[in-house]
Amino acid sequence: MKVSVIGVGNMGSIFAEKLSEKAEKVLLVEKVPEKLARFKREPFEIVDIETAKLSDYIVLAVKPQDASSILEKLKGYSGVLISIVAGLKISTIEEYGILKVARVMPNVGVRVKEGVLAVSYSEKVRSEEKEGVKSLLESLGLVVEIEEKHFPAITALTGSGPAFVFVMTEAFLDAALKMGLSFEVARDLVYKLFEGSARLLFETKEHPAVWKHRVTSPAGTTIEGIVAMEKSAVRGGIIESLLASHRKALELEGK
Ligand SMILES: NC(=O)c1ccc[n+]([C@@H]2O[C@H](COP(=O)([O-])OP(=O)(O)OC[C@H]3O[C@@H](n4cnc5c(N)ncnc54)[C@H](OP(=O)(O)O)[C@@H]3O)[C@@H](O)[C@H]2O)c1
């Protein structure tokens, strides 16, 4: 199976690296030669757009403002175009005669193969091609099929979401420092705390309220903290942050 990546920047280079574990050949198209220095080895090949068009799947990973000029050159491409370009709708890509489209919203977790990749397909993508896309993207994290109308919500939730989690993590670190722990000690404790808590929820599939209840004993230290969290409206603040991000994503989609 041949895969091409057009735009080997921040995201494109991660996709190229991880997809090389699944594809026999990864063809790369990039304007800036320096960005290709580390890809001068098997199974990568540096090509032009015309050659990329011969591959089964093309990942489009350029900035939104550069997408239309590339789509113009990809006109009539008959493989599956996997677009990670923010805000670029499936219907817009179809206008270029590219009828098999997988629109994907990845997040930064792909760097460590723990990304969340929400994907929507155009009507013409066959089920075996969807399986092909899913199998490729699983080298970068969890792949979840969604309806395209939910892209603004996904943009806020898992696209911008890591930044919100980083802010919360930072607040834990600040508190740890205030309590006298060193950054080095606090860092490992806090990162594992977030990872372990998320894994517990992911594996048990239980609602977080169930686990909160289990770890909160009467008149204990945890309920003391929970009361302070509620007084500071932490919950409302987080919800408001996501909704603000959602509003912006809707605005960028012209809604
Ligand atoms: N970064 C994220 O966390 C993230 C998350 C979700 C989605 N995305 C989406 O992923 C896409 C890429 O983002 P990024 O942060 O990886 O951007 P980036 O680092 O700027 O990478 C894009 C690369 O494509 C190159 N390029 C532009 N036009 C080209 C052309 N005609 N032919 C070949 N190469 C071309 C750019 O070169 P120049 O620098 O010279 O223009 C750049 O090296 C964006 O559409 C973004 O919305 C990113």
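Calculation notes
Residues numbered from 1 in each chain as written. Predicted model: local features only at pLDDT ≥ 70, side-chain atom pairs only at ≥ 80, totals over all residues. Heavy atoms only, no water. Salt bridge = Lys/Arg side-chain N within 4 Å of Asp/Glu carboxyl O. Helix = DSSP H or I, 4+ residues; strand = E, 2+ residues; numbered from the N terminus. Buried < 20%, exposed > 50% of the residue type's maximum accessible area, 1.4 Å probe, protein only. Contact = heavy atoms within 4.5 Å. Core = buried A, V, L, I, M, F, W, Y, C linked by side-chain atoms within 4.5 Å.

**Student:** It is not clear to me how the pattern of salt bridges should be interpreted in this structure. Could you clarify?
**Tutor:** One side chain can pair with another of opposite charge once the charged atoms of both are near each other. In the structure shown here, the tally under the stated rule is 20 salt bridges. Note that Arg187 and Asp188 form a salt bridge whose closest N and O atoms lie 3.5 Å from each other. What emerges from the salt-bridge pattern is a single network uniting Lys100, Arg126, Glu128 and Glu129.

**Student:** Is there a simple way to think about the environment of Arg235 in this case?
**Tutor:** With respect to the helices and strands, the residue Arg235 is situated in helix H11 (residues 234–252). The exposed category is assigned to Arg235, whose relative accessible area is 51%. Considering only alpha carbons, one finds Arg235 and Lys40, 195 residues apart in sequence, at a separation of 48 Å. Apart from the residues within four sequence positions on either side, Arg235 is in contact with Lys212 and Glu230.

**Student:** Would you take a moment to explain the nonpolar core for this structure?
**Tutor:** In summary, soluble globular proteins display a tendency toward joint burial of nonpolar side chains. Ranked by size, the top nonpolar core spans 31 residues in total, and within it Leu28, Ile82 and Leu137 carry the most contacts. Of all the elements in the fold, those that place two or more residues in this core are strand S1 (2–6), helix H1 (10–19), strand S2 (25–29), strand S4 (57–60), strand S5 (80–83), strand S6 (101–105), strand S7 (115–121) and helix H5 (127–137). With four residues, the top contributor of residues to this core is H1. Aside from chain neighbours lying at most four places away, what touches Ile82 is Tyr57, Ile58, Val59, Leu60, Ala102, Val104, Val133, Leu136 and Leu137. Ranked by size, the runner-up nonpolar core spans 22 residues in total, among them Leu27, Val29, Leu81 and Ile98.

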